[in-house]
Amino acid sequence: MPALQPFGQDLWILEGPTISVAGFDYPTRMAVIRLTGGALFIWSPVAFTEDLRAPLAAMGEVAVIVAPNSLHHLSLIAWQSAFPQARLYAAPGLRTRRADIAFDADLAPTPEPPWAGQIDQVIVGGNLITTEVVFFHRASGTVLFTDLLQHFPAGWFTGWRAIVARLDRLVGAQAAAPQKFRIAFVNRPLAR
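Structural notes, computed from the coordinates. (Residues numbered from 1 in each chain as written. Predicted model: local features only at pLDDT ≥ 70, side-chain atom pairs only at ≥ 80, totals over all residues. Heavy atoms only, no water.)

On to the overall build of the protein chain, then. Helix and strand counts for the protein chain stand at four helices and eleven strands. Within the span of the protein chain, comprising 192 residues, buried residues form 44% of the whole. In the protein chain, of all internal contacts separated by at least 6 residues, the share reaching a separation of at least 24 is 47%. For the protein chain, the accessible area works out to roughly 9600 Å², and carbon and sulfur atoms hold 57% of it. (Helix = DSSP H or I, 4+ residues; strand = E, 2+ residues; numbered from the N terminus. Buried < 20%, exposed > 50% of the residue type's maximum accessible area, 1.4 Å probe, protein only. Contact = heavy atoms within 4.5 Å. Areas by Shrake-Rupley, 256 points an atom, 1.4 Å probe, with all protein chains shown as cover.)

Okay, here's the thing in structure tokens:
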């Protein structure tokens, strides 16, 4: 598994393994944010491996694990087992979908006390598949999206999946973010 890569002030990105959902291959990516006081905020965790334990411990204590929508749940149990002291937060609809996971709280329209004033959030509904909580890390000026925004390079999908991806606007020219902000997409591969 690749190493944690600096992405901004107190913000790191980790590329996870590619997963297959309904025959479509999707890359995975998570973010680690060091909060004031040194606690770590884990956003959209990828598959946990023991190789992550030491680098994370060197950065701080894993205190918060966030599933930003109801589709990003595959690795939660492993992370919860590895860091039982961390609070696990569910996106709207996820608690119902994964009754087997003991969530500590549900994400709301306003930030929770551990990250209030450092990370802003908004709940974005209206998607037929999931409701997403989008986060904005103030110190680095980074917006964290999962499935609300997706971009894949031409050729990522093949055959009939390429047609579906094109019709769903998953592939095409890369969108430009406003210069004031950096955007971390979980479903946008950096390289194939």
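What follows picks up the thread again.
This part is about the pairing of strand 1 (residues 5–8). Bridge analysis of strand 1 against strand 2 (residues 11–21) gives three bridges, and the strand direction is antiparallel. What sits directly across from Gln5, in strand 2, is Ile13. Two successive antiparallel strands, strand 1 and strand 2, enclose a turn made up of two residues, where Asp10 displays a positive phi of approximately 55°. (Pairing = 2+ DSSP bridges.)

As a further point, take the packing of aromatic side chains. The description of an aromatic ring pair uses the distance of the two centres, along with the angle that the planes make with each other. According to the stated counting rule, one finds six aromatic pairs in the structure shown. Ring plane angle 70° and centroid distance 5.7 Å describe the contact between Phe41 and Phe135, whose orientation is recorded as edge-to-face. Of the two residues, Phe41 is situated in strand 4 (residues 40–43) and Phe135 in strand 9 (residues 132–137); the sequence distance between them amounts to 94 residues. No difference in accessibility class separates Phe41 from Phe135, as the two residues are buried. On the basis of an interplanar angle of 80° and a centroid distance of 4.9 Å, the ring pair of Tyr89 and Trp115 is categorised as edge-to-face. Taken together, the positions of Tyr89 in strand 6 (residues 87–90) and Trp115 in the loop between strand 7 (105–106) and strand 8 (119–124) put the pair 26 residues apart, joining distant regions of the chain. Put simply, the rings of Phe41, Tyr89, Trp115 and Phe135 pair up and form one aromatic cluster. (Phe/Tyr/Trp six-rings, centres within 6.5 Å; stacked < 30°, edge-to-face > 60°.)

Once that is clear, we can look at the nonpolar core. Generally speaking, nonpolar side chains in soluble globular proteins are found buried as a group. Formed by 25 residues in total, the largest nonpolar core has its most connected members in Val32, Ile42, Leu56 and Trp79. Looking at this core, the elements with two or more residues in it are strand 2, strand 3 (24–34), strand 4, helix 1 (53–59), strand 5 (62–66), helix 2 (76–82) and strand 6. Here this core takes three residues from helix 2, the largest share from any one element. Other than its neighbours up to four places away in sequence, Leu56 contacts Leu4, Val32, Leu40, Ile42, Val62, Trp79 and Phe83. Core analysis: the second largest hydrophobic core is formed by 18 residues, Trp43, Ala105, Trp115 and Phe135 among them. (Core = buried A, V, L, I, M, F, W, Y, C linked by side-chain atoms within 4.5 Å.)

Now for the pattern of salt bridges. Per the stated rule, a full pass over the model turns up six salt bridges. Residues Arg98 and Asp100 are paired through a salt bridge, measuring 2.8 Å at the closest nitrogen-oxygen approach. Classification of Arg98 by relative accessible area gives buried; the value is 16%. (Salt bridge = Lys/Arg side-chain N within 4 Å of Asp/Glu carboxyl O.)

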